[in-house]
Amino acid sequence: MKEIGGYIELDRYHKPMLHEGAIALNCARNALAYLLEARNIKKLYIPIYLCEVVYEACKKINIEIEFYHINDRFIPELEAISDGYVLIVNYFGLLSNEDILNLKNKYKNIIVDNTHSFFQKNIENVDTIYNCRKYFGVPDGAYLESNLDIDNDIQVDNKSRFRFKHLLGRFETTASEYYNEFSCVDKSFDNEEVMYMSNITHNLLQGIDYKEVYSIRRRNFNELDKYLKKINKLNMVFKEQTFMYPLYVDNGNELRKKLIDNKIYVPKLWPNIPGNIELNELEKDYIENIVFLPIDQRYSVEDMIYILKIIGVL
């Protein structure tokens, strides 16, 4: 029997979501696992320059893995293949859909990881993964854009209510105070089964003004690029980037420390490379010297100017 009355719970939202119609799952690594099993993929080529959780997710379901290097344009250094699928990571949103189509023509069977490019439209008949937690204050959630049929045997995640402490804590106090809780939640996904997106997360994602979020992120990105492009060694055309600003400099570790000392928290991607895999010199350089600057919807132009002053270009 339906409960009526009593205290009021979290409000329900009804705005359209950006990836309406995608398969909504509980996290990005499980979106990949869902896809690998549904497509009956036995072998996956993945870049070495990547978060270790992708490697762990593949190991968990016994997928054969082969690693490949990337070049200085973040394109796979991999010849055409005759077996398996290739995971194409759209680093920082630098690959256009035209670039992705060229890679599909070369490798035929590809999976696109758009973790860093939430607002980039997927290409029809190209399996594409999006990560909600990288862009919004939600406890979990990912999208898989695919023509796969939905598996009705999978349960809906109902653990979101246990993953809010760091979100609520930072809302009222500081990030540093709740960083351990954030890390614990992040680590917990290693052991989560593939499930559909929780009702809580689905509801929160229906409350977002996506046009406004996109506009703010692009504005902040452009404000940084206006002053940093003269020192940014990436020297690439930034088209639709909305994740973070990738600043490639000679003294990345030193600059990262300076920013963190001034409470500008910048991540290091990705320091933990699996097992015995050997990075090439370019990949080592990228890990050490690309500094990822925050540009998200929480921040104003004044915040970007403050970051630029700490960097020393203003």
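Up top is the structure these notes are about.
Per chain, residues are indexed from 1 in the order of the written sequence. Only residues with pLDDT of at least 70 get local features here, since the model is predicted, and only at 80 or more are side-chain atom pairs given and counted; chain-wide, interface and lining totals rely on the full set of residues. With hydrogens and water excluded, all non-hydrogen atoms of the structure serve as input to the side-chain values.

Q: For this particular structure, what's the right way to read helix H1 (residues 28–38)?
A: At 3.6 residues per turn, the α-helix brings residues three or four places apart onto the same side. Summarising burial for H1: 9 of the 11 residues are buried, a large majority. Within the sequence span of H1, burial applies to Ala28, Arg29, Asn30, Ala31, Leu32, Ala33, Tyr34, Leu35 and Leu36. Just beyond H1, the residue with positive phi is Asn40, at close to 55°. Each residue's exposure class comes from its accessible area (1.4 Å probe, protein chains only) as a fraction of the maximum for that residue type: buried when under 20%, exposed when over 50%, partly exposed otherwise. Numbering of helices and strands runs from the N terminus; a helix is a DSSP stretch of H or I covering at least four residues, while a strand is a stretch of E covering at least two.

Q: Looking at this structure, how should I read the sheet that holds strand E7 (residues 127–131)?
A: Backbone-to-backbone hydrogen bonds pair the strands of a sheet. The strands run either parallel or antiparallel. Any two strands between which DSSP finds at least two bridges are classified as paired. Reading across from one edge, E1-E8-E7-E6-E5-E2-E3-E4 is the order of the 8 strands in this open sheet, with mixed pairing throughout. At either end of the open sheet lies a strand with only one pairing partner, and these are strand E1 (23–25) and strand E4 (76–77). Across 5 bridges, strand E2 (residues 43–47) lies against strand E3 (residues 64–70) in parallel orientation. When the sheet's bridge partners are listed, Ile46 is paired in E3 with Phe67.

Q: Help me understand the pairing of strand E9 (residues 244–248), please; the structure alone is not making it clear to me.
A: Of all 5 residues in E9, 5 are buried, a share of seventy percent or more. The sheet contact formed by E9 and strand E10 (residues 290–294) spans 5 bridges and is antiparallel. By the bridge assignment for E10, Tyr245 is matched with Leu293.

Q: Got a minute to help me understand the side chain of Glu283 in this structure?
A: Mapped onto the elements, Glu283 comes out in helix H9 (residues 281–289). It is Lys284 that comes nearest to the buried, bridge-free Glu283 among opposite-charge side chains, at 8.5 Å. Nitrogen and oxygen atoms within 3.5 Å of one another constitute a polar contact, given that in protein one can donate a hydrogen and the other can accept it, and given that sequence-neighbouring residues count only through two side-chain atoms. A polar side-chain atom of Glu283 sits 2.9 Å from a polar atom in the side chain of His69. Contact definition: two residues touch when any of their heavy atoms are within 4.5 Å. Contact partners of Glu283, with chain neighbours within four places excluded, come to Ile48, Tyr49, Tyr68, His69 and Ile70. Charged residues are defined here as Lys and Arg on the positive side and Asp and Glu on the negative side; His and the ends of the chain fall outside this count. Take a side-chain nitrogen of Lys or Arg and a carboxyl oxygen of Asp or Glu: if they are within 4 Å of each other, that pair is a salt bridge.

Q: What's the story with the packing of helix H8 (residues 252–261) against H9 in this structure? I'm lost.
A: Helix packing geometry: the angle between the two helix axes and the distance between the axes. Where H8 contacts H9, the axes come no closer than 7 Å and their chain directions differ by 20°. By the criterion of interaxial angle, the relationship of H8 to H9 is roughly parallel. On H9, the residues touching Gly252, Asn253 and Arg256 of H8 are Ile287, Glu288 and Asn289. Side-chain classes follow a simple rule in which Ala, Val, Leu, Ile, Met, Phe, Trp, Tyr, Cys and Pro form the nonpolar group, Asp, Glu, Lys and Arg form the charged group, and the remainder, Gly included, forms the polar group. Among the residues making up the contact of H8 with H9, the classes are represented as 1 nonpolar, 3 polar and 2 charged. Simply put, an axis is a line fit to the C-alpha atoms, just over the touching stretch for a helix, and the angle between two N-to-C directions goes from 0 to 180 degrees. Oblique is the label for any angle not under 35 degrees, not over 145, and not in the 65 to 115 range, which are roughly parallel, roughly antiparallel and roughly perpendicular in turn.

Q: How do you make sense of the pairing of strand E5 (residues 85–89) when you look at a structure like this?
A: In terms of burial, E5 is largely enclosed, as 5 of its 5 residues are buried. Both E2 and E5 contribute to a ladder of 2 bridges, which runs parallel. Bridging across to E5, Leu44 finds its partner in Tyr85. Where E5 and strand E6 (residues 110–113) come together, 4 bridges link them in parallel fashion. Bridge assignment links Val89 to a residue of E6, and that residue is Asp113. Throughout, right-handed denotes a crossover for which the path from the first strand over the helix to the second runs clockwise when the strands point away from the viewer. Once you follow E5 into helix H3 (residues 97–107) and on to E6, the crossover reads as right-handed.

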